[in-house]
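Spelled out from the first residue to the last, the chains are:
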Amino acid sequence: MIRRACLVAITTIQFGAAIIGATVAQAAEPADVEHFLKVTGFDVAVESMSLGAQDAPSMLGLEDNAFGKRWSSLVAKTFVPEEMHVASVELLSEAIDQDLLDHAVAFYDSELGKRLVAAENLSHMDDDDLKQIAGRQLVAGMVEDGSPKIEYFQRMNVAIDPENLGLRAVQSIQVRFMVAASRAGVIRDDLDEQMLWDQIDSNKEATLIAMQASAVAGAAYTYQGFSDEDLLLYTEALEHPKMQKVYELMNAVHFQIMGDRFEALAQELDGLRPSEEL
């Protein structure tokens, strides 16, 4: 979620902390938050962070298997599902209002909501490259058929993150991870944080276009079994002000946990070298 150059990294963290630490009218009970995580599928989304971390060497310009088995061990040690689950419950319990929680649960516990969450949970665990290839083929067919689904996917993407804060949060995490890898000697380049942000900012428009195309392709893959009517109902549900607030909180928690885990991973980089095997 985030930014302006180096300031962005700071702004992103402050953004998440401000939202999570905000006073709520009637804070939800931890037991209700546990139910919320399961019903909405947020628990699976948090757990799947470890899959993305397996590909983190590519951020450094290295092959995904560059560190051998050592990398998988580090990821398993750092992205512990049980610990991330506890953190998500604690953070959301402090931030989410019972009324907002009830609103989200009411939708996702419906017949349509359950089908959507089941599809999303499966998609979280699928290979990202596969999703993009298959998704782009589906989008091409939708364009040819004049399907309204593409518009719905675009509206859904805006509804859950209207200011593209998620992109900046991810970029902030990536920058801090790359700088940590440079300082640890994992990569030879002497990376400067300001330089990295300048490069990111210079490609901002192209990145946004690519991100939006990727989001549409991902949605086409994930929701390929849903009708136009189903997706319109989902789009309108996501555009409801209460649901948008729910996603603002979930995004803040998601990136807070992700940032914490990548910070911990970065601390393990010192002494790690490509091609190291156990």
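Look a little higher up for the structure.
Procedures and definitions
- Residues numbered from 1 in each chain as written.
- Predicted model: local features only at pLDDT ≥ 70, side-chain atom pairs only at ≥ 80, totals over all residues.
- Heavy atoms only, no water.
- Helix = DSSP H or I, 4+ residues; strand = E, 2+ residues; numbered from the N terminus.
- Expected span 1.5 Å × (residues − 1).
- Buried < 20%, exposed > 50% of the residue type's maximum accessible area, 1.4 Å probe, protein only.
- Contact = heavy atoms within 4.5 Å.
- Phe/Tyr/Trp six-rings, centres within 6.5 Å; stacked < 30°, edge-to-face > 60°.
- Patch = residues over 30% accessible without salt bridge, like charges linked within 9 Å, V, L, I, M, F, W, Y side chains within 5 Å.
- Areas by Shrake-Rupley, 256 points an atom, 1.4 Å probe, with all protein chains shown as cover.
- Salt bridge = Lys/Arg side-chain N within 4 Å of Asp/Glu carboxyl O.
- Lys, Arg positive; Asp, Glu negative; His and termini not counted.
- Charge placed at Lys NZ, Arg CZ, Asp CG, Glu CD.
- Core = buried A, V, L, I, M, F, W, Y, C linked by side-chain atoms within 4.5 Å.
- Polar contact = N/O pair within 3.5 Å; in protein donor to acceptor, adjacent residues only side chain to side chain.

*Asks:* It is not clear to me how helix 10 (residues 149-160) should be interpreted in this structure. Could you clarify?
*Replies:* The α-helix winds at 3.6 residues per turn, so residues separated by three or four positions along the chain end up facing the same way. Between its first and last C-alpha atoms helix 10 spans 17 Å; for 12 residues at 1.5 Å apiece the expected length is 16 Å, and the two agree. Listed in full, the buried residues belonging to helix 10 are Lys149, Ile150, Tyr152, Phe153, Met156 and Ala159. Turning to helix 10, the residues buried within the fold contact helix 9 (128-145), helix 13 (204-222), helix 14 (228-238) and helix 15 (241-267).

*Asks:* Just checking my understanding: could you explain the packing of aromatic side chains for this structure?
*Replies:* Each aromatic ring pair is summarised here by two numbers: the centre-to-centre distance and the angle between the ring planes. Per the stated rule, a full pass over the model turns up nine aromatic pairs. With centroids separated by 5.9 Å and ring planes inclined at 75°, the aromatic side chains of Tyr223 and Tyr234 adopt a geometry described as edge-to-face. Residue Tyr223 is found in the loop between helix 13 and helix 14, and its partner Tyr234 is found in helix 14; the two are separated by 11 residues along the sequence. Across the pair, exposure class does not vary: Tyr223 and Tyr234 are buried alike. One aromatic cluster in this structure is built from Phe107, Tyr108, Phe153, Tyr223, Phe226 and Tyr234.

*Asks:* It is not clear to me how a negative patch on the surface should be interpreted in this structure. Could you clarify?
*Replies:* A surface patch of negative charge is lined by Asp189, Asp190, Asp192 and Asp198. Topologically, Asp190 is positioned in the loop between helix 11 (165-184) and helix 12 (193-202).

*Asks:* Would you take a moment to explain the environment of Leu122 for this structure?
*Replies:* Take Leu122: it is sitting in helix 8 (residues 111-124). In this structure Leu122 comes out as exposed when scored by relative accessible area, which is 62%.

*Asks:* Whenever I open this one, unusual backbone geometry confuses me. Can you help?
*Replies:* Note: most peptide bonds trans; most residues except glycine with negative phi. Backbone geometry at Asn164 places phi at a positive 55°, although glycine is not the residue there. Positionally, Asn164 belongs in the loop between helix 10 and helix 11.

*Asks:* Help me out: how do you make sense of the nonpolar core in this one?
*Replies:* Ranked by size, the top nonpolar core spans 77 residues in total, and within it Phe36 and Trp71 carry the most contacts. Residue contributions to this core peak at 12 residues, all from helix 15. Leaving out residues up to four positions away in the same chain, Phe36 has contacts with Leu92, Ile96, Leu101, Ala104, Val105, Val246 and Met250.

*Asks:* What should I look at first to understand helix 7 (residues 98-108) in this one?
*Replies:* Considered for burial, the residues of helix 7 that qualify are Gln98, Leu100, Leu101, Ala104, Val105, Phe107 and Tyr108. The secondary structure elements touched by the buried residues of helix 7 are helix 2 (30-40), helix 8, helix 14 and helix 15. For helix 7, the capping residue at the N-terminal end is Asp97, with a side-chain oxygen 2.7 Å from the backbone nitrogen of Asp99.

*Asks:* Looking at this structure, how should I read the side chain of Thr40?
*Replies:* Counting through the fold element by element, Thr40 comes out in helix 2. For Thr40, a relative accessible area of 8% puts it in the buried group. In this structure the side chain of Thr40 is engaged in a polar contact, spanning 3.3 Å, whose partner is the backbone nitrogen of Phe42. Contact partners of Thr40, with chain neighbours within four places excluded, come to Tyr108, Val117 and Glu120.

Spatial relationships are all this shows, so hold off on functional conclusions.
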